[in-house]
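As a plain string of letters, each chain reads:
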Amino acid sequence: MQLNRRQFVYAAAGAALFGRAPRALQPPYDLIVKGGRVVDPSLRINAVRDVAIAGGRIAAVESDIPAGGADVIDARGRFIVPGLLDVHAHYARDAAGPTVALEDGVTAWVDAGSAGADSLAEPVAIARAAPQSARVLINIGRAGILREGDTMDLDLADVDAAQNAVARHRDFVVGVKARLSRNVAADDVEVLRRAQEVASSFDLPVMIHMGQTASPLSRLLDLLKPGDIVTHMFAPPPNAIVDDAGRIRPDVLAARRRGVWFDVANGRTGHLRWDTFDSVMRAGFWPDTISTDGNAASRGVPGVVDLPNVMSKFLDAGMTLDDVVACVTVNAARVFPHLNDRGTLHVGAPADLALLEMRVGAFDFVDNYENLRAGGQRLFPRGTVLGGRWIPRA
């Protein structure tokens, strides 16, 4: 059987791991997560399995793996999924953010433009010290997220300052963020053009914050290249991704066809409204990635809470659990190159996984406009394995 490149990398990693010493001289596994239902879209598995870990990497995904001398986590009644990837968060705004994310099952995250060139060192330092894989997007506005607007003063969209800041922190900057709502960017087209100028200098993607823009969405989408990200895809009009009849706009479909990603970024204000959500989902334009737009304080925000809560909003909207898990694992791993060995339980991959509990009942879900919606099922985080280390939820 011929291996593709990704399978070859995992196979090579596994061979290197087990080639260090004879199996008879060392315990075969360090940790086994037993008896849970493994849901891993990258492997097309949705079945009760055990997951064995050795040397910080996935060693086996099989039925009834003997424990031997390994530590055991009882996962019966829980879902075992690859560690969750939150590709639009703001965990680098607070030193507590990475720990909160990890307890919620998030084993890798990207801070989506909290800081610009003037203060980029601060989120980079938090990302560098985070227990899990963490990277940042630089805000094209040099002062970062401002209450009065990131780039309302166009001079703040400083290309030279951004390029210099990225060069200083190239190992942790994985993209450029442009918030384009009319309250933060009056000349959104020029702001996006400048963001692309910075990104092209380093072969990076641009993430745009859409919704309520001064310019038509079609004009902004024309400036996006393959690999760029449209975030807040469920933002209501004006300039939603659906027209007044609830149809996906042709320019949106064209953008996806040429390789632009569409991300949820639930957030707190103005980004998700149930009527727009329903129109988009009915049209079958499902998200590529599901993210929180959250930070260390999100557990106190009813609409966000944690990434599993945001995921749950899609279970009653036509997506299967496998579809939803893909949006926070294998799909998300394709968006940023540094994540390309994450989002999977393939043998040889980093041993990052999340334990989730599905509860069935009556649950209230909230959009960004304080509208409640009842749902019949909700996912709850119940523990995380990071690099083979068990981290129970506090």
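Now for a description of the structure that goes with this document. (Residues numbered from 1 in each chain as written. Predicted model: local features only at pLDDT ≥ 70, side-chain atom pairs only at ≥ 80, totals over all residues. Heavy atoms only, no water.)

Looking now at the packing of helix H4 (residues 159-168) against helix H5 (residues 188-202). The N-to-C vectors of H4 and H5 enclose an angle of 30°; their axes lie 10 Å apart at closest approach. In terms of orientation, H4 and H5 fall into the roughly parallel class. As for the relative orientation of H4 and H5, their crossing is right-handed in sense. Between H4, through Val159, Ala162, Gln163, Val166 and Ala167, and H5, the contact on the second element is made entirely by Arg194, Glu197, Val198, Ser201 and Phe202. (Axes fitted to C-alpha atoms, helices over the stretch in contact; angles between N-to-C directions. Helix = DSSP H or I, 4+ residues; strand = E, 2+ residues; numbered from the N terminus. Parallel < 35°, antiparallel > 145°, perpendicular 65-115°, else oblique. Left-handed = near helix turned anticlockwise from the far one by under 90°. Contact = heavy atoms within 4.5 Å.)

Moving on: the layout of surface pockets. Size it by volume and the largest pocket reaches roughly 670 Å³. Along its surface, the largest pocket is lined by 24 residues, and Ile145, Arg179, His209, Thr269 and His271 are the ones closest to its centre. Among the residues forming the lining of the largest pocket, the class breakdown is four nonpolar, 13 polar and seven charged. (1 Å grid on protein atoms, 1.4 Å probe; cavity = no way out; pocket = protein on both sides within 12 Å on 5 of 7 lines; lining within 4 Å. Points joined across faces, edges and corners; volume = space filled by probe spheres on them. Nonpolar A, V, L, I, M, F, W, Y, C, P; charged D, E, K, R; others polar.)

What follows covers the pairing of strand S8 (residues 133-139). Counted residue by residue, S8 has seven buried out of seven residues, so it is predominantly covered. Residues of S8 alternate between two faces, with Ser133, Arg135, Leu137 and Asn139 on one and Ala134, Val136 and Ile138 on the opposite face, all of them buried. Read as a crossover between parallel neighbours, the route from strand S7 (residues 106-112) over helix H3 (residues 121-129) to S8 is right-handed. On the question of chirality, the crossover connecting S8 to the parallel strand S9 (residues 173-179) by way of H4 is right-handed. (Buried < 20%, exposed > 50% of the residue type's maximum accessible area, 1.4 Å probe, protein only. Right-handed = clockwise from strand over helix to strand, strands pointing away.)

In this structure, the amide linkage connecting Pro237 to the following residue, Pro238, adopts the cis form with an omega of 5°. Looking at where Pro238 falls in the secondary structure, it is placed in the loop between strand S11 (229-231) and helix H7 (250-257). Positive phi is not limited to glycine here, since Asn239 has a value of about 65°. Checked against the element boundaries, Asn239 lands in the loop between S11 and H7. We classify Asn239 as buried; its relative accessible area is 17%.

Another point: the sheet that holds S11. If you trace the seven strands from one edge of the open sheet to the other, you get S6-S7-S8-S9-S10-S11-S12, paired in parallel fashion. Edge strands, defined here as strands with exactly one partner in the open sheet, are strand S6 (84-89) and strand S12 (261-262). Bridging between S8 and S9 involves four bridges; their strand directions are parallel. When the sheet's bridge partners are listed, Asn139 is paired in S9 with Lys177. Those strands touched by H3 are S7 and S8, and its axis lies near 170° from that of S8. (Pairing = 2+ DSSP bridges.)

Before going further, it helps to spend a moment on H3. Among all positions in H3, only Pro123, Val124, Ile126 and Ala127 are buried. Down the axis of H3, the smallest arc covering the buried residues is 160°, so these residues share one side. Exposed residues pointing more than 90 degrees away from the buried face of H3 are listed as Glu122 and Ala129. Looking at the buried positions of H3, the neighbouring elements they touch are helix H2 (97-103), S7 and S8. (Arc of directions from axis to C-beta.)

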